[in-house]
Amino acid sequence: MKKLATLVVAGAMAATPALADLVIPDLSYRTGPFAAGGIPFSDGYQDYFTLLNERDGGIGGVPVRVIECETAYNTERGVECYESTKGEGALVYQPLSTGITYQLIPRATADGIPLHTMGYGRTSAANGDVFSHVFNYPANYWDAASVIVNQLLEENDGDMSGQTIALLYHNSAYGREPIRTLETLSEMHGFNLSLIAVDSPGQEQGNQWLQIRRERPDYVVMWGWGVMNQVAIQEAINIRFPMENFIGNWWAGADHDVAQAGADAAGYRALNMNRLGDMPVFAEIQQHVIDAGLAAGDGTNLGAVLYTRGMYAAMLAAEAIRVAQEIHGVADITPAMMRDGMEALEMTNARMEELGMPGIGPEFAVSCEDHGGTGMAIMTQWNGSEWVTLTDFVAPDDSVTQPLVLEDSAQFAAENNITPQCTSS
Amino acid sequence: MFYREAGDFKTSYTADNQTFPIAFDRYGYFLVLLVGLGVVPFIINDYWANSILIPFLIYAIAAIGLNILTGYCGQVSLGTGGFMAVGAYTSYKLMTAFPWMDMVTITLLSGVMTAMVGLAFGLPSLRIKGFYLAVATLAAQFFLVWMFNKVPWFYNYSASGQISAPERTLFGYAVTGPNAESWVKYVFCFILVFVLAWAARNLTRGSIGRQWMAIRDMDIAAEIIGVNPMRAKLTAFAVSSFYVGIAGALLFTVYLGAVEVGEAYGILKSFLVLFMIIIGGLGSIFGSFIGAAFMVILPVVLRNVMSDGLGWDTALATHFEFAIVGALIMFFLIVEPHGLARLWSLAKEKLRRWPFPY
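Residues numbered from 1 in each chain as written. Chains lettered and ligands numbered in written order. Predicted model: local features only at pLDDT ≥ 70, side-chain atom pairs only at ≥ 80, totals over all residues.

Observations concerning the overall build of chain B
This is how the line gets drawn: In this text, helices come from DSSP runs of H or I with a minimum length of four residues, and strands from runs of E with a minimum of two, each type numbered from the N-terminal end. Radius of gyration means the value over C-alpha atoms here, while the globule rule gives 2.2 Å times the residue count to the 0.38 power. Neighbour counting defines burial: a residue surrounded by 20 or more other C-beta atoms within 10 Å of its own C-beta is buried, one with 12 or fewer is exposed, and intermediate counts give partly exposed, using backbone-placed C-beta atoms. The contact rule is simple: place each C-beta atom from the backbone, and if two of them lie within 7 Å, those residues are in contact.
Scanning chain B from N- to C-terminus turns up 15 helices and four strands. Scaling as 2.2 N^0.38, a compact globule of 358 residues should have a C-alpha radius of gyration of about 21 Å, and chain B matches this with 21 Å. Principal axes of the C-alpha set define a box for chain B whose edges measure 65 × 55 × 45 Å. Within the span of chain B, comprising 358 residues, buried residues form 46% of the whole. At a minimum sequence separation of 6, the contacts of chain B that also span at least 24 residues come to 75%.

Details of the nonpolar core
Put simply, the rule is: We define a nonpolar core as a collection of buried residues of the types Ala, Val, Leu, Ile, Met, Phe, Trp, Tyr and Cys that are connected via C-beta atoms lying within 7 Å of each other. Domain start and stop points were drawn from an automatic or database domain assignment.
Membership of the largest hydrophobic core comes to 228 residues, with the highest contact counts inside it found for I58(B) and A247(B). With 16 residues, the single largest contributor to this core is helix α10 (residues 229–256) of chain B. Shared between two domains, this core holds at least three residues of each, these being domain 1 (2–140 + 276–376 + 404–416) and domain 2 (142–275 + 390–403) of chain A. Every residue in contact with I58(B), bar those within four places of it in the chain, is listed here: C189(B), A247(B), L250(B), L251(B) and Y255(B).

Some remarks on the interface of chain A and chain B
Threshold: Asp, Glu, Lys and Arg are counted as charged, while Ala, Val, Leu, Ile, Met, Phe, Trp, Tyr, Cys and Pro are counted as nonpolar; the rest, among them Gly, fall into the polar class.
Facing 37 residues of chain A, the contacting portion of chain B comprises 31 residues. When contributions to the side of chain A that touches chain B are tallied by element, the ones reaching two or more residues are α1 (2–15), β2 (64–70), α3 (75–86), α4 (98–111), α6 (173–176) and α15 (398–416) of chain A. Looking at the side of chain A that touches chain B element by element, the count peaks at seven residues for α4(A). Here the side of chain A that touches chain B is composed, by residue class, of eleven nonpolar, 13 polar and 13 charged.

Quick notes on the domain arrangement of chain A
All names here are of chain A. Once the domains are mapped, chain A shows domain 1 (2–140 + 276–376 + 404–416) and domain 2 (142–275 + 390–403). Placing the centre of domain 1 and that of domain 2 at their C-alpha centroids yields a distance of 27 Å. With 32 residues of domain 1 at the contact, the number on the domain 2 side is 31 residues. Listed by contribution, the elements that provide at least two residues to the side of domain 1 that touches domain 2 are α2 (35–56), α4, α12 (305–328) and α15. By residue number, the principal contributor to the side of domain 1 that touches domain 2 is α12, which donates five residues. When its residues are assigned to classes, the side of domain 1 that touches domain 2 shows 18 nonpolar, twelve polar and two charged.

Side note on the pairing of strand β9 (residues 269–272) of chain A
Residue and element names in this part refer to chain A. Basically, it comes down to this: In this analysis, strands are considered paired if DSSP registers two or more bridges between them.
Here β9 shows a buried face lined by R269 and L271 and a second buried face lined by A270 and N272. Sheet analysis places strand β8 (residues 246–248) next to β9, joined by two bridges and oriented parallel. Looking at the pairing, G248 lines up with A270 of β9. Across four bridges, the pairing between β9 and strand β12 (residues 378–382) is antiparallel. Following the sheet pairing, A270 is matched in β12 by T380.

A look at unusual backbone geometry
Backbone torsion omega between S200(A) and P201(A) reads 0°, so that peptide bond is classified as cis. Turning to its location among the elements, P201(A) is positioned in the loop between β6 (192–198) and α8 (206–215). The amide bond that connects W354(B) to the next residue, P355(B), takes the cis arrangement and shows omega of 10°. Position of P355(B) among the secondary structure elements: in the segment after α15 (340–352). Even without being glycine, L96(A) reaches a positive phi, approximately 55°. Taking the number of C-beta atoms within 10 Å as the measure of exposure, L96(A) has 31 and is therefore buried.

Quick word on the packing of helix α3 (residues 46–72) of chain B against helix α7 (residues 182–204) of chain B
Relative placement of two packed helices is described by the angle separating their axes and the distance separating the axes. Residue and element names in this part refer to chain B. Counted only if it meets this: An axis is simply a line fitted to the C-alpha atoms; with a helix, the fit covers only the stretch in contact. Between two such axes, the angle follows the N-to-C directions and lies from 0 to 180 degrees. Orientation categories follow fixed angle ranges, with anything under 35 degrees roughly parallel, anything over 145 roughly antiparallel, 65 to 115 roughly perpendicular, and all other angles oblique. Should the near helix be turned counterclockwise from the far one by less than a right angle, the crossing is left-handed, whereas a clockwise turn marks it as right-handed.
Across the interface, α3 lies against α7 with an axial gap of 10 Å and an inter-helix angle of 20°. Between α3 and α7, the angle falls in the class roughly parallel. Regarding α3 and α7, the two cross each other, and that crossing is left-handed. Residues D46, A49, N50, L53, I54, L57, I58, A60, I61, I64, I68 and Y72 of α3 pack against S182, K185, Y186, C189, F190, V193, L196, A197, A200 and T204 of α7.

With respect to the environment of E326(A)
Residue and element names in this part refer to chain A. Positionally, E326 belongs in helix α12. Judged by the 12 C-beta atoms lying within 10 Å of it, E326 falls in the exposed class. Separated by 265 residues in the primary sequence, E326 and G61 have C-alpha atoms spaced 13 Å apart.

Considerations on helix α13 (residues 335–343) of chain A
One turn of the α-helix equals 3.6 residues, which is why residues spaced by three or four share an orientation. Burial analysis of α13(A) places seven of its nine residues in the buried class, which makes it a mostly covered element. Here α13(A) has its buried residues at P335(A), M337(A), M338(A), R339(A), G341(A), M342(A) and E343(A).

Here we look at the environment of D8(B)
Mapped onto the elements, D8(B) comes out in the segment before α1 (13–16). Spatially, the C-alpha atom of D8(B) lies 7.6 Å from that of I22(B), the residues being 14 residues apart in sequence.

Details of the packing of α3(B) against helix α13 (residues 285–309) of chain B
Residues and elements named next belong to chain B. Put simply, α3 and α13 touch, their axes get as near as 8 Å, and they point 140° apart. By the criterion of interaxial angle, the relationship of α3 to α13 is oblique. Seen along the crossing, α3 lies across α13 with a hand that is right-handed. When α3 is examined against α13, the residues S51, I52, P55, F56, Y59, A60, A63, I64 and N67 are found in contact with a partner set consisting of I285, G287, S288, F289, G291, A292, A293, V296, I297 and V300. Partitioned by chemical class, the residues of the contact of α3 with α13 number 14 nonpolar, five polar and no charged.

Quick look at helix α12 (residues 267–280) of chain B
Residues and elements named next belong to chain B. Selection rule: Here the expected span of a helix is defined as 1.5 Å times the quantity of residues minus one.
For α12, spanning 14 residues, the distance from its first C-alpha to its last is 20 Å, which sits close to the expected 20 Å at 1.5 Å a residue. Turning to α12, its buried residues are K269, S270, V273, L274, M276, I277, I278, I279 and G280. Two residues or fewer past α12, G281 is found with a positive phi of approximately 135°.

Let's talk about the sheet that holds β8(A)
All names here are of chain A. Taken in spatial order, the seven strands line up as β6-β5-β7-β8-β9-β12-β13 in an open sheet, and their pairing is mixed. The sheet terminates laterally at β6 and β13 (387–389), the two strands that pair on one side only. For this sheet, the mean angle separating the axes of adjacent strands, direction not counted, is 25°.

Focus: the pairing of strand β1 (residues 22–28) of chain A
Residue and element names in this part refer to chain A. The following threshold applies: Consider the strands pointing away from the viewer: the crossover is right-handed when the path from the first strand over the helix to the second runs clockwise.
Burial within β1 is extensive, with six of its seven residues counted as buried. When β1 meets β2, the two strands line up parallel, connected through seven bridges. Looking at the pairing, L27 lines up with C69 of β2. Crossover β1 to β2 through α2 is right-handed.

A few points about the environment of F131(B)
Residue placement: F131(B) occurs in helix α6 (residues 131–150). On a C-alpha basis, the gap between F131(B) and Q75(B) in space is 9.4 Å, while along the polypeptide they are 56 residues apart.

Structure below.
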């Protein structure tokens, strides 16, 4: 009831013509087979902006107004959400869906609104020369594939020839993204790559795991999301696949993915682009947002893997707004200024410490050419009751991913007659 | 009072057979065309075009297509999504292989290609019918989606398997791509819908349409009176797939711009279009339009009312939207199992007899 009341008040406040405000649409999904991942991310994303409003009075004195729109991970609804919110002066879109990202890249570019697809979306958007309004820092899928292989190489003393890696992937644009990189890497390092697709949403994986059982790959790498992750982990337990050789990417390593299997899933590893564990900022969110009854969700997700990532995404957006305000000397910025801010963003350890989230991500600087960040990621492991960080930030092999990025973005530029934006510099 | 035949004298066979025999209807129809082409393009904004009108027009084409097959010829099909994908991928291949080609040609060729594929998958209908045919078309759905995922040639070997529509123009105006103006896209779809609906109406009341309906009502009897079942069924499949293919092509080129086959043209799309014609009315062109409106516009309206108007939580609003649309479907089908088009024609009957309807 209290929540409903605050929502009504919030709705009434949103309906009145606001003074200066920074509009951030949140294309979330709290329904459907992918809601398990969508809810904590959206909670973290919104709560951080609420914290800034409550504690600091917004960013640079201007309050942030978050507009939530439900997409259910469906591209058509994503487009509708985009069209219905862009007129409000939206500064940046964060759709949390590779499919919706592909829809929005041309539209947002034409409308001059930046898109931040953090660790998902179109990998080659890292080439800012071609994709002027798309940013995918701090890391992308091809980095993730490369980091996983680097990690495995290290465990195998640098030699993986003759070994087999099976890629279990969500049969969509999202799941297919890493294939090209893994193929290149398999030629380079001599391991065999077996591709196993799981059709969305992924509740049925009997055949796929039968194949894994028959082929006995040395490692299974998973590009999964939503309900697919839980099912895959359960199936791996059922066929007694050694869990420490089962590695998820950063969208397949959240608390809810392993919670159901619990101790049986101990040993399962997953990549992460942000650090886990307690941070000073959580106490502030608890105090200013959750205890004040302003939380986007029910407040139980605080500190969860995807909550932290959503908060990290919000922090990067807020920092970009701050940079944009500094560059242009205006507090109430426009989407075009926001783009400049994102392109000039620089994250340092000192700044992250200052914000109450020490070392949450790697240090990186965005430039006109490089919209992708460093691509570093950490490896985490589920010990049966919580996620444990195994490594520090591991770097990808840029010599592999960079040519692929250039090749794919050149193809996009040719298909769409795009002239590089950074040639003057 | 105004809605009656009295005083409106038909002096020729053509006049007697016109689609809108009542003057009031006829003027209404011309008014819709006038507003649709003369007023709406000047006041339309991005939201109305991209979220409501363009999807409505595109789904109306798909619903007319499926209605020809299922409503007029009685052949149940669950392959609509797959056939729409054929249209989309054909137009993608044409757009990227022949950049000089204009959008009308591309769209029509996509329809022709889909008609040929539909013809091939229509062959089983010569031997099986009813639920068994539904299963055969279901196989088409899964096979086509699988094929577009499996063969990289269809998506030009892109890394993610997504296809995205490059910018193509018609008379110097961009119709596809991000720089296309909403009104151009809207007018393009509107004219196609008008032409296709007009053609469908005239096909279904002509000799081919009568053959289809004869097959639908009783295929053995139809065969005895001289209808060639092979010809009738295969033309129904071809014409229906032509429409569905055009809808699929437009969904990709004009509306979405980038498409992932498993999601955009999955089995759910087949069901969506099937629901449209069941709710709108089987065997009615007008029913295809109201069915499409019901399934496309109603959820958007509900969403706007609940989350923007009432300020509800977005998740709650989405769950309610499912429940309300579902309840309305049940309500309308209980009140009128023949669909909304039948309710509409009953209302017209009553109006004709006003003020003493019975």
